[in-house]
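Residue strings, one per chain:
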Amino acid sequence: MAEQVWRPQGRTRRSTRTLRVRTSATVMAVIVLAVLLVPPLAQLDQQAVDLAAKLRPPSWEHPFGTDDVGRDLLLRCVYGLRVSLFVGLVAALAATVIGTAVGAAAGALGGRTDRMVMRAVDTLSSVPHLLLGIFVVAVFRPGVWPVVASVAVTHWLSTARIVRAEVMSLRGRAYVDAAVSGGASRWRVAVRHLVPGVLPQACLAAVLMIPHAMWHESALSFLGLGLPAHQASLGNLVQTARGSLLAGHWWPTLFPGLLLILPTLAIAGLAGAWRDRLNPRRRSELTL
């Protein structure tokens, strides 16, 4: 009787999870293909101004409409998504490298080093990410690389905590004890046994950090502190569309906002499936 009650629920949840993963993969595939193929195939200038066609609603000629100076919003959104994805990928990779190095060192060395490093992590975590990012960007001129640096500097803290906790867990494993008993140095144990063991969790943290970095870049650009105003990014597009929204023109704000939300949901769906694979016990609990 119990199997007749629980098995359909498990099948329903598995089918729902499979549908979510396939939908997320399809959305990400479309986004990546659009970013890679539309700019070279379109061969149009996304900065081309046509004042006679300004603020036209979505149509067959302009599927996303036009902005306040007549530029095609579809093309500008694709260019903006390309810039935002680049910032998210590079910043997430840099933050993951920093967080993995710091967390692995703290967990592997332990003792006073661990306490000092984690107290520094706690101190930096008490400062709001956006405020610290504004401070970093303000030191440099607006551009892609200052934004990447600000995101990387402010987003490695969570990765360091995850890696440190995983390293502390791995230190109690039998194969690590065997390596230490065999005379292996701390450096060799860390490089050969601890770091490879935490790479799946670190990579998962990097994937989850990509949409966070995209939103961080968009917030900085929206505040006028990120990319230059003439360079298309999703944050700049939303920032320049504020006046149009107040005038009743909704499309210059809607489509850049959707292109921020869709990658976030797609990456979250794929990362959730990856997390379930890394933790089979959790996955089995969810299918009960």
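None of the values given here were measured: they were computed from a predicted structure.

Basis of the calculations
In this convention, every chain numbers its residues from 1, walking through the sequence in written order. The predicted nature of this model means local features are confined to residues of pLDDT at least 70 and side-chain atom pairs, given and counted, to a pLDDT of 80 or more, with totals for whole chains, interfaces and linings taken over all residues. Each side-chain value is worked out from all heavy atoms of the structure, with water and hydrogens disregarded. Put simply, DSSP H or I for four residues or longer makes a helix, DSSP E for two residues or longer makes a strand, and each gets a number counted from the N terminus. Type-normalised accessible area, obtained with a 1.4 Å probe on protein chains alone, sets the label of each residue: buried when under 20%, exposed when over 50%, and partly exposed for intermediate values. Between two residues, a contact is recorded if the distance between any of their heavy atoms is within 4.5 Å. Areas reported here follow the Shrake-Rupley algorithm with a probe of radius 1.4 Å; residue values treat only the protein chains shown as occluding. Note on definitions: angles span 0 to 180 degrees between N-to-C directions of axes, and those axes are lines fitted to C-alpha atoms, for helices only across the stretch in contact. An angle counts as roughly parallel when it lies under 35 degrees, as roughly antiparallel when it exceeds 145, as roughly perpendicular when it falls between 65 and 115, and as oblique in every other case. Take the far helix as your reference; a near helix turned counterclockwise from it by less than a right angle gives a left-handed crossing, and one turned clockwise gives a right-handed crossing. Classification of ring pairs rests on two measures: the distance between centres of Phe, Tyr or Trp rings, Trp counted by its six-membered ring, which must be within 6.5 Å, and the angle between planes, read as stacked under 30 degrees, edge-to-face over 60 and tilted in between. Throughout this description, the term salt bridge denotes a Lys or Arg side-chain nitrogen within 4 Å of a carboxyl oxygen of Asp or Glu.

The next thing to look at is the overall build of the chain. Of the regular secondary structure elements, the chain holds 12 helices and zero strands. Along the chain direction, N to C, the helices and strands of the chain fall in the order α-α-α-α-α-α-α-α-α-α-α-α. The proportion of buried residues among the 288 residues of the chain is 38%. In the chain, the share of contacts with a sequence separation of at least 24, taken over all contacts with a separation of at least 6, comes to 72%. For the chain, the accessible surface area stands at approximately 15900 Å², while carbon and sulfur atoms represent 66% of it.

Right, let's get into the packing of helix H4 (residues 129-139) against helix H5 (residues 144-155). At their nearest, the axes of H4 and H5 sit 9 Å apart, and the two run at 140° to each other. When the axis of H4 is compared with that of H5, the two are oblique. Between H4 and H5 lies a crossing of right-handed hand. Taken together, the residues of H5 that come into contact with H4 (itself represented by His129, Leu132, Gly133, Val136 and Val137) are Pro146, Val147, Ala149, Ser150, Thr154 and His155.

Counted under the stated rule, the structure contains four aromatic pairs. Centroid distance Phe64 to Phe255: 4.2 Å. Interplanar angle 5°. Geometry classified as stacked. One end of the pair, Phe64, is in the loop between helix H1 (2-42) and helix H2 (73-109); the other, Phe255, is in helix H11 (residues 251-278), with 191 residues separating them in the sequence. Through a chain of ring-to-ring contacts, three or more aromatic side chains come together here, namely Phe64, Trp250, Trp251 and Phe255.

On to the side chain of Thr159. Among the secondary structure elements, Thr159 is positioned in helix H6 (residues 157-170). In this structure Thr159 touches Thr96, Gly99, Thr100, Ala205 and Met209, once residues within four positions along its chain are discounted.

All right, on to the environment of Trp145 then. As for its placement among the helices and strands, Trp145 is situated in helix H5. Counting along the chain gives 58 residues from Trp145 to Val87, while the straight-line C-alpha distance between them is 8.1 Å.

Moving on, we come to the pattern of salt bridges. Within this structure, the stated rule accounts for five salt bridges. In this structure, Arg119 engages Asp122 in a salt bridge whose closest nitrogen and oxygen atoms are separated by 3.0 Å. Linking Arg119 with Asp122, this pair stays in helix H3 (residues 111-125), spanning three residues, or about one helical turn. A residue is classified by how much of its surface remains accessible, and Asp122, at 33% relative accessible area, is partly exposed. In this structure, a network of salt bridges that share partners links the residues Asp67, Arg71 and Arg76.

Glancing now at the environment of Cys77. Structurally, the position occupied by Cys77 is in helix H2. Using a relative accessible area of 0% as the deciding quantity, one classes Cys77 as buried. Residues Cys77 and Leu259, 182 residues apart in the sequence, show an inter-C-alpha distance of 7.7 Å. Excluding anything up to four places from it in sequence, Cys77 contacts Phe64, Leu234, Leu237, Phe255, Pro256 and Leu259.

None of the figures reported here should be taken as evidence of function without further support.
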